[in-house]
Amino acid sequence: MIDFKDSIAKLLAEKLPELTEAEIKGMVEIPQDQKMGDYAFPCFRLAKIMHKAPQQIAAGLAEEIKDSPLFAKVEQVNAYLNMFISREEMSKDTVSEVLEQGDAFGRSDIGGGKKVIVEYSSPNIAKPFHIGHIRSTVIGNSLNKIYDALGYDVFRINHLGDYGTQFGKMICAYRHWGNKEDVEREPIKTLLGYYTKFHVEVEDHPELEDEARAIFAALEKGEPEEVALWQWFRDESLKEFNRVYKMLDISFDSYNGESFYSDKMPRFEQELEDKGLMVESQGAMVVDLEPYKLGVALIKKSDGSSLYITRDIAAAVYRKETYNFYKNIYVVASQQSLHFQQLFKILELMGYEDCAHGCVHVPFGLVRLEAGTMSTRHGRVVFLEDVLNKAVEKTKEIILEKNPNAENVDEIAHQVGIGAVVFNELSNNRIKDYVFKWDHVLNFDGETGPYVQYTHARCCSLLRKAEAADVAKAADPASIDFSYLTGDAAYDLVKLLYAFPGVIEQAGERYEPSLVARHIVDIAQSFNRFYHDEHIICDNADERVAKLALVTAAKTAIKNGLAHLGIHAPERM
């Protein structure tokens, strides 16, 4: 598509030798009020250079460029040069691009095939996959899709929490109160029950803590019995996790979790010691980061057991050496911000500057329950699978209530129900905390996933109702008279389609899928205004074909936008 900002900068650069083309482009704005034009150029900065009032400069520029075929109208308003792009030119350029690109609309080669690792989801084995995990899971999945669309080579890692002292507690609890049959029948809920019971019993029997520590030490040493139990818990957990991932249509390239790096840690512990970075503190081994206002990073406990940061150092360097990543993105809750600041600083101090500078922490706010903060050890959780199943069931009820004879109800209910939950997560800024409420998640009115999906289905319905010959013509830019796409409703929709690729780029730069979610809500709302204000399947054949072309373009952008969020776009609802 034409870069209109670039075209304006080139045109103004001929009139303003005092500024470079790049400087002018950086100054061009998009007014919030459409009455002030599609683009505006402020002239305040030029006043000192040209020794004229900015209003006078704006008026002079307006006179000089008003006859350019790029514009329908140019006017001076106070110190601004306001420019209205030719609506026909904008519609022709944008709609033609969408029709030609199809599913590739919004994609680019900005990334140039550079490797980007996205680490996301990363639940703890033998613990419930609860609603709190959905944020990392769907934000990470969307970032994976956005970076893929931007031309990067994306590698998806599920860094499972499959190591640490909690497994000593889990094995201890299983030996005291567990049995194999219960675990095999309902693994996660059963193991959660054991884990919860451990934290109740330990209050009266503190010796259980020592027993759990000894069990974890045996696990670290590779004792066969402890390793066998740990592996069994891991295998059973993955079966349940994969059932949820299948519902969400999410997959990974690697499930290498904390345990994968346990044999790689000694190298880095030795490096820390050799480089004088690791010192003893009250029996534990730490890296003092106080000079950088990052506190003290605990590397080894006084009993010799390792911690998360040790494994994360090993993981980051392993990924750099194995994949030579451009970016290594961690989609992890904001609670861990200090941890990642410490990790990146330690990597830098160890001499792994390239690795450290390519690492990015993408934080997000927490999910809380109306009853309070979620707590696995107290058994206060909402299982993610239950949320997804309930959303699908509720959606099916709504569909059958509105259309008892609907076809493919189960498939549509799955796509819309799951889409509602995912869109609910991705439509708000990721850094905000929120309280999980069933009524809110399953509310399909307003700016929701189902509303966007329904708009896509409406586009498909219009194209089904139209004559096949008209739809075929509408797919060929050479057959379209774009002068019929210059009305206010049509042009507003065209401008949103024009902005779509830039929004994908911004979402990648800011690690913010909500930009995509909000933009496709805007496209859906704009399309529905167009649908309401203009008769699409009208008598005039040329007008009909042009409007069907815009319907096709809107459908394509909505489908592609939903795909970047990991959401399906049903053709019927």
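As the structure is a prediction and not an experimental result, all values here were calculated from the model. (Residues numbered from 1 in each chain as written. Predicted model: local features only at pLDDT ≥ 70, side-chain atom pairs only at ≥ 80, totals over all residues. Heavy atoms only, no water.)

A. Here's a closer look at the packing of aromatic side chains. What the rule picks out here adds up to 26 aromatic pairs. Note on Tyr330 and Phe340: the rings are 4.8 Å apart at their centroids and 45° apart in plane angle, and the pair reads as tilted. Taken together, the residues span a long stretch of sequence, with Tyr330 in strand β9 (residues 327–331) and Phe340 in helix α14 (residues 337–349) at a distance of 10 residues. The exposure classification of Tyr330 matches that of Phe340, with both residues buried. Taken together, the aromatic side chains of Tyr120, Phe129, Phe241, Tyr245, Phe252 and Tyr255 make up a single cluster linked through ring pairs. Over the face of the ring belonging to Tyr531 we find Arg458, whose NZ or CZ atom lies 4.1 Å from the ring centre. (Phe/Tyr/Trp six-rings, centres within 6.5 Å; stacked < 30°, edge-to-face > 60°. Helix = DSSP H or I, 4+ residues; strand = E, 2+ residues; numbered from the N terminus. Buried < 20%, exposed > 50% of the residue type's maximum accessible area, 1.4 Å probe, protein only. Lys NZ or Arg CZ within 6 Å of the ring centre and 35° of its normal.)

B. Quick look at a negative patch on the surface. Negative charge collects at one region of the surface, where Glu88, Glu89, Asp481 and Asp542 lie side by side. Mapping Glu88 onto the fold places it in helix α5 (residues 87–101). Here Glu88 falls in the partly exposed class, since its relative accessible area comes to 40%. (Patch = residues over 30% accessible without salt bridge, like charges linked within 9 Å, V, L, I, M, F, W, Y side chains within 5 Å. Areas by Shrake-Rupley, 256 points an atom, 1.4 Å probe, with all protein chains shown as cover. Salt bridge = Lys/Arg side-chain N within 4 Å of Asp/Glu carboxyl O. Lys, Arg positive; Asp, Glu negative; His and termini not counted. Charge placed at Lys NZ, Arg CZ, Asp CG, Glu CD.)

C. Inspection of the sheet that holds strand β8 (residues 296–300) at higher detail. Taken together, the three strands give an open sheet; going across it, the order is β6-β7-β8, and neighbouring strands pair in antiparallel fashion. What marks the edges here is a single partner per strand, and that holds for β6 (278–281) and β8. Between one strand axis and the next, the sheet turns through 45° on average, direction left out of account. In terms of strand pairing, β6 meets strand β7 (residues 284–288) through four bridges, oriented antiparallel. Following the sheet pairing, Ser281 is matched in β7 by Ala284. Across the face of the sheet, helix α12 (residues 265–274) comes into contact with β6, β7 and β8 while running at roughly 85° to β6. (Pairing = 2+ DSSP bridges. Axes fitted to C-alpha atoms, helices over the stretch in contact; angles between N-to-C directions. Contact = heavy atoms within 4.5 Å.)

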